[in-house]
Amino acid sequence: MKKVVANQQFELDNSIRMLDETINAYKPLQAEFEVEEKKVAEIKKRCEEDGASIAKEKEKWNAMLVTRTKNDNATALDDEEGMKVQKESIQLAKKKLEDVAVAEERWQKAKEIWAEAERRLADCANNLATLKNPIESETRRVKCLEGALSGLQKEIDKTCALIGS
């Protein structure tokens, strides 16, 4: 009976050790996941805000260019000062639209960074899931072994009580 108890205790100790090792591997991955999750959320927020801002600027300067071009066509040829202001306004709108195009290129790169961050986050989540299953099964095994040891101990106690009386 002592040998059975010793074997059960040995199995329990090994299971607890393996569970501790797995949990210790899980904790840093969980922390990494949380950090990555925050990064992705921040990148996503910035990308969405930048996208909205760029769209507004593009709309604004396109409208300005259309308006100035129409006004330029309608301006009398004898109004040189008016023509000069119109041409400068058109040039400004074109320059602003070029700036918007550059901002759109940067935004596209930011979206690529966002996608990569989401891929890293998914990898991290997969790593966590890979460790979570062994933790759960080992926890069940430990509980089962603890129950078996408890049952054996009760049997030993009963046997000792019978022998003692």
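Nothing here was measured: the structure is a model prediction, and the numbers come from that model.

K.L.:
Where do I start with the packing of aromatic side chains in this structure?
P.N.:
Here the distance between the centres and the angle between the planes together describe a pair of aromatic rings. Considering all chains together, one arrives at 0 aromatic pairs under this definition. Above the face of the Trp107 ring, Lys111 is positioned so that its terminal group lies 4.2 Å from the ring centre.

K.L.:
What exactly am I supposed to notice about the environment of Glu36 here?
P.N.:
Mapped onto the secondary structure, Glu36 falls in helix 1 (residues 2–74). Sequence separation between Glu36 and Leu162 is 126 residues, and the spatial gap between their C-alpha atoms is 62 Å. With near-sequence residues (within four places) excluded, Glu36 lies in contact with Ala117, Arg120 and Leu121.

K.L.:
Help me out: how do you make sense of the environment of Arg106 in this one?
P.N.:
Looking at the element boundaries, Arg106 is found in helix 2 (residues 80–164). The class for Arg106 is exposed, based on a relative accessible area of 55%. In sequence terms Arg106 and Ala25 are 81 residues apart; their C-alpha atoms lie 38 Å from each other.

K.L.:
When you look at the environment of Ala55 in this model, what are you seeing that I'm missing?
P.N.:
Relative to the elements of secondary structure, Ala55 occurs in helix 1. Along the sequence, Ala55 and Glu104 sit 49 residues apart, while their C-alpha atoms lie 8.9 Å from each other.

K.L.:
Explanation requested: the pattern of salt bridges in the structure shown.
P.N.:
As a working rule, side chains carrying opposite charge can pair if their charged atoms are close by. Per the counting criterion, the structure on display carries 10 salt bridges. The closest approach of N and O atoms between Glu11 and Arg141, which form a salt bridge, is 2.9 Å. Residue Glu11 is located in helix 1, and its partner Arg141 is located in helix 2; the two are separated by 130 residues in the primary sequence. Between Arg17 and Glu21 there is a salt bridge, with its nearest N and O atoms 3.1 Å apart. Highlighted residues: Arg17 and Glu21, both in helix 1, separated by 4 residues, approximately one helical turn. Look at the salt bridges and you will find they share partners, linking Glu11, Glu138 and Arg141 into a network.

So, how was this worked out
Residues numbered from 1 in each chain as written. Predicted model: local features only at pLDDT ≥ 70, side-chain atom pairs only at ≥ 80, totals over all residues. Heavy atoms only, no water. Phe/Tyr/Trp six-rings, centres within 6.5 Å; stacked < 30°, edge-to-face > 60°. Lys NZ or Arg CZ within 6 Å of the ring centre and 35° of its normal. Helix = DSSP H or I, 4+ residues; strand = E, 2+ residues; numbered from the N terminus. Contact = heavy atoms within 4.5 Å. Buried < 20%, exposed > 50% of the residue type's maximum accessible area, 1.4 Å probe, protein only. Salt bridge = Lys/Arg side-chain N within 4 Å of Asp/Glu carboxyl O.

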